[in-house]
Amino acid sequence: MPISVLNRIHLDAPYWSPWKSRFPAPQQMVSSVHAFLNRHRPAHPPVKFVPQETLPDGMAYETYIYETGNVPTRDGLHDYFNALCWFTFPNTKIRLNRLQAAQIRQAGVGDTRGKIRDAITIIDENGFFIQCPDELWQALQAKQWQTAFQTLRPLWRQTRVIAFGHALLEKLVTPYKAITAHAIRIPDFIGPCRQKTDPDERVAEVTAKDQTDPDTPEIFSEAAIQQVDDYLAGFLTEQTLQTKPFIPLQIFGIPGWHEEQSQVGFYDDNKVFRTPKRPG
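Below is a short write-up of the structure. (Residues numbered from 1 in each chain as written. Predicted model: local features only at pLDDT ≥ 70, side-chain atom pairs only at ≥ 80, totals over all residues. Heavy atoms only, no water.)

Here's the deal with the nonpolar core
Among the nonpolar cores identified, the biggest contains 79 residues, and Trp 16, Tyr 80, Phe 81, Phe 128, Phe 129, Leu 140 and Ile 251 are the most heavily contacted of them. With eight residues, helix α3 (residues 77–88) is the single largest residue contributor to this core. (Core = buried A, V, L, I, M, F, W, Y, C linked by side-chain atoms within 4.5 Å. Buried < 20%, exposed > 50% of the residue type's maximum accessible area, 1.4 Å probe, protein only. Helix = DSSP H or I, 4+ residues; strand = E, 2+ residues; numbered from the N terminus.)

In structure tokens:
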């Protein structure tokens with residue numbers, strides 16, 4: 001899908017902040033994604049972007065990035081969003097790439113990735129970061145969707161989130177209710193936010209589209225994103241990746257993230273909010 005489609009989507013959805021600040025201007029023609037990215041990258045980026053055909057035959061994509069600092073880039077949304085992740089979470093992306101390259105050096109590419117590379121790929125493609133109260137996290141871990149999204153709904157006011165995976169961002173261009181992310185919890189000591197309990201105060205912070213839901217969580221601020229980035233660069237190790245440090249999250253259950261949440265039965269949709277099977 002060409003990146004020009006970004007000119008036609010509704011950017012007032014909360015999940016597009018802060019990504020939309022790097023989208024092309026309306027009606028701007030982008031004939032070469034890698035060239036566009038290099039023109040608009042931050043002052044000191046860790047990588048630069050090159051045409052996909054620059055990747056040598058038989059060389060692993062992750063190894064090439066690690067050895068050259070160049071990211072092979074196709075003309076389309078998927079690789080465009082990957083670049084935006086490099087711009088926004090450079091230390092996390094560097095860490096993931098180094099871990100991937102190390103695994104490839106040890107075991108080669110192979111027919112299967114292995115547990116660590118699988119975990120890296122899930123985070124890189126579909127990752128989501130959330131900072132929330134313990135009770136809410138425990139409900140999400142247990143896939144107690146009605147508890148997390150309805151009973152504990154006010155706790156989302158004390159929560160901050162951001163979509164990270166570039167495949168996840170691509171899905172959000174043409175969103176559907178069943179989109180599932182893989183969420184990593186960010187500790188409270190990382191850029192702690194002030195708890196807001198006044199609905200009027202919360203309304204002032206959300207977009208016009210979401211003014212009817214004061215429980216919409218905050219998006220991590222730019223300053224907080226830098227702290228999250230630094231934290232993840234240290235947190236993501238071979239040891240932590242072995243444990244799969246993420247949980248599945250139905251992101252359109254998040255207050256204010258789907259326009260049909262006020263409809264009766266929205267959270268009773270078992271095709272999306274599946275109840276875990278009981279053992280035995």
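What follows continues from the structure just given.
Thoughts on the pattern of salt bridges
Taken as a whole and assessed by the stated rule, the structure comprises eight salt bridges. Linking Lys 177 and Asp 269 is a salt bridge whose minimum nitrogen-to-oxygen distance equals 3.2 Å. Here Lys 177, found in the loop between α8 (166–173) and β5 (180–185), pairs with Asp 269, found in the segment after β7 (247–250); they are 92 residues apart in sequence, far enough to count as distant. For Asp 269, a relative accessible area of 24% puts it in the partly exposed group. When salt bridges with common partners are traced through the structure, they connect Arg 153, Arg 157, Asp 213 and Asp 215 into a single cluster. (Salt bridge = Lys/Arg side-chain N within 4 Å of Asp/Glu carboxyl O.)

Brief notes about α8
One turn of the α-helix equals 3.6 residues, which is why residues spaced by three or four share an orientation. Burial within α8 is extensive, with six of its eight residues counted as buried. Along α8, the residues that are buried comprise His 166, Ala 167, Leu 168, Leu 169, Leu 172 and Val 173. Those residues of α8 that are buried lie in contact with α3, α4 (90–107), α5 (115–126), β3 (127–131), β4 (160–163) and β5. (Contact = heavy atoms within 4.5 Å.)

Remarks on the sheet that holds β3
Here five strands make up an open sheet; going across it, the order is β6-β4-β3-β5-β7 and the pairing mixed. On the outer flanks of this sheet lie β6 (218–219) and β7, each paired with one strand and no other. Relative to β5, β3 is paired through four bridges, and the arrangement is parallel. The partner of Gly 127 across the bridge, within β5, is His 182. α8 rests against β3, β4 and β5 of the sheet, and its axis sits at about 90° to β4. (Pairing = 2+ DSSP bridges. Axes fitted to C-alpha atoms, helices over the stretch in contact; angles between N-to-C directions.)

What to know about the side chain of Thr 88
By secondary structure assignment, the location of Thr 88 is in helix α3. From its side chain, Thr 88 meets the backbone oxygen of Leu 84 in a polar contact 2.8 Å long. (Polar contact = N/O pair within 3.5 Å; in protein donor to acceptor, adjacent residues only side chain to side chain.)

Considerations on the packing of aromatic side chains
Under the criterion given, the structure shown has 24 aromatic pairs. Seen from their ring centres, Phe 266 and Tyr 267 are 4.9 Å apart, and the 85° between their planes marks the pair as edge-to-face. Residue Tyr 267 is classed as buried on the basis of its relative accessible area, which comes to 5%. Through successive ring pairs, a cluster of aromatic residues spans Tyr 15, Trp 16, Phe 23, Phe 36, Tyr 80, Phe 81, Phe 128, Phe 252 and Trp 257. The lysine or arginine in question, Lys 177, covers the ring of Phe 266, its NZ or CZ lying 4.1 Å from the ring centre. (Phe/Tyr/Trp six-rings, centres within 6.5 Å; stacked < 30°, edge-to-face > 60°. Lys NZ or Arg CZ within 6 Å of the ring centre and 35° of its normal.)

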